[in-house]
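# A look at the structure
So the chains spell out like this:
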Amino acid sequence: MNLIAAVDANWGIGYKNKLLVSIPDDMKFFRETTTGKVVVMGRKTLESFPNGKPLKNRVNIVLTKDPRYQVEGAIVVHDMDELHAELAKYPSEDIYVIGGESIYRQLVDECDVAHITKIDFSYEADAYFPNLDEKEEWVITEDSDEQTYFDLEYYFLKYERMR
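Note that this is a predicted model, so its numbers are computed, not measured.

### Brief notes about the overall build of the protein chain
Counting its secondary structure elements, the protein chain contains four helices and twelve strands. Summarising its shape, the C-alpha atoms of the protein chain cover approximately 45 × 40 × 25 Å along the three principal directions. Looking at the protein chain alone, contacts between residues at least 24 apart form 62% of all its contacts between residues at least 6 apart. Here the protein chain displays about 9,200 Å² of accessible surface, and carbon together with sulfur accounts for 47% of that area. Across the protein chain, 19 positive and 31 negative side-chain charges occur, with their mean positions spaced 7 Å apart.

Okay, structure coming up:
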C-alpha cells in the first residue's frame, strides 16, 4: 500500500479540516498518481473535498465509526477488519492512503511507499502526518529538484520502507 500527502517542515498536513496550502503542481501530482486507483480516507477528509463528494475516477473507501454514515459513490467501512476485507479485493500497489491524520497513523505501518510533497515552511497546523524521517525503516529513495510556487520551496520525495 501507498501513502500520499503534502507536509510542511513540521510534518503538518492540515488546519481546521483544510489543507495548509494548495500548490497546483502538487494537486496535479496527486491527481495523476491516484487516478484509476483506490483511495482510502477518513470521513472528515472526504467532507473537506469540493461539495463533500468522492474523487472522480477512483475507488473511494471511507473509514468512519459512524454506523449511519453513507455517501453516494464511495464504499463506507466502519472498522479496520471491514477495511482490510475491502482492501483485499485490490492489488496492494493500487491502494493510496490519502488522510487524514488518524487514518495515516492507523495504516502507516502497513504501507511500503510514501509519496510526500515536503514544503519548506512551517504553518499553523492541527493535523500531522507521522514523521518518516524519525522512523529508521523509512528511507528516501527518490527526490526531486527544488520546486517553487511563488515564494514557497518544496520537494517531491518518495520514501520506501526497508524490511
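### A short note on the packing of aromatic side chains
Taken as a whole and judged by the stated rule, the model has seven aromatic pairs. Summarising the aromatic geometry, the rings of Phe-29 and Phe-156 are spaced 5.2 Å apart at their centres and angled 40 degrees between planes, so their arrangement reads as tilted. You can see Phe-29 sitting in helix H1 (residues 24-34) and its partner Phe-156 sitting in strand E12 (residues 152-161), a full 127 residues away along the chain. Overall, the relative accessible area of 26% leaves Phe-29 in the partly exposed class. One aromatic cluster is present, formed by Trp-11, Tyr-104, Phe-129 and Tyr-159 through successive ring pairs.

### A closer look at the nonpolar core
Nonpolar side chains tend toward joint burial in soluble globular proteins. Among the nonpolar cores identified, the biggest contains 28 residues, and Leu-3, Ile-116, Phe-129 and Leu-132 are the most heavily contacted of them. For this core, the elements supplying multiple residues, two or more each, are strand E1 (2-7), strand E4 (38-42), strand E5 (59-63), helix H3 (80-87), strand E7 (95-99), helix H4 (101-107), strand E8 (113-119) and E12. Once residues lying within four places of it in the same chain are set aside, the contact partners of Leu-3 are Val-97, Tyr-104, Val-108, Cys-111, Val-113, Ala-114, His-115, Phe-129 and Trp-138. Ranked by size, the runner-up nonpolar core spans 13 residues in total, among them Val-39, Val-62, Tyr-69 and Ile-98.

### Examining H1
An α-helix turns once every 3.6 residues. As a result, residues three or four positions apart point the same way. Regarding H1, the residues found buried are Asp-26, Thr-33 and Thr-34. Projected onto a plane normal to the axis of H1, the buried residues spread over an arc of 80 degrees and lie on a single side. Of the surrounding secondary structure, the elements contacted by the buried residues of H1 are E1, E4, E7, E8 and E12. A positive phi of about 80 degrees marks Gly-36, the residue just after H1.

### Points about the environment of Glu-101
The topology assignment puts Glu-101 in helix H4. We classify Glu-101 as partly exposed; its relative accessible area is 25%. For the pair formed by Glu-101 and Tyr-123, sequence separation is 22 residues and the distance between their alpha carbons is 16 Å. In contact with Glu-101, other than residues within four places in its own chain, are Ile-13, Asp-126, Ala-127 and Tyr-128. A polar contact of 3.4 Å, which involves the side chain of Glu-101, links it to the backbone nitrogen of Tyr-128.

### Here we look at the sheet that holds strand E2 (residues 12-15)
Where strands meet in a sheet, backbone hydrogen bonds hold them as pairs that are either parallel or antiparallel. Read across the sheet, three strands follow the order E3-E2-E9 without closing on themselves; strand pairing throughout is antiparallel. Across the chains shown, the open sheet's two edge strands, defined by having one partner strand only, are strand E3 (18-19) and strand E9 (127-128).

### Remarks on the pairing of E4
Taking burial as the measure, the five residues of E4 include five buried ones, the bulk of the element. As paired elements, E4 and E5 share five bridges and run parallel to each other. Directly across from Met-41, in E5, lies its bridge partner Val-62. Read from E4 through helix H2 (residues 43-48) to E5, the crossover connection turns out right-handed.

Thresholds applied
- Residues numbered from 1 in each chain as written.
- Predicted model: local features only at pLDDT ≥ 70, side-chain atom pairs only at ≥ 80, totals over all residues.
- Heavy atoms only, no water.
- Helix = DSSP H or I, 4+ residues; strand = E, 2+ residues; numbered from the N terminus.
- Contact = heavy atoms within 4.5 Å.
- Areas by Shrake-Rupley, 256 points an atom, 1.4 Å probe, with all protein chains shown as cover.
- Lys, Arg positive; Asp, Glu negative; His and termini not counted.
- Charge placed at Lys NZ, Arg CZ, Asp CG, Glu CD.
- Phe/Tyr/Trp six-rings, centres within 6.5 Å; stacked < 30°, edge-to-face > 60°.
- Buried < 20%, exposed > 50% of the residue type's maximum accessible area, 1.4 Å probe, protein only.
- Core = buried A, V, L, I, M, F, W, Y, C linked by side-chain atoms within 4.5 Å.
- Arc of directions from axis to C-beta.
- Polar contact = N/O pair within 3.5 Å; in protein donor to acceptor, adjacent residues only side chain to side chain.
- Pairing = 2+ DSSP bridges.
- Right-handed = clockwise from strand over helix to strand, strands pointing away.

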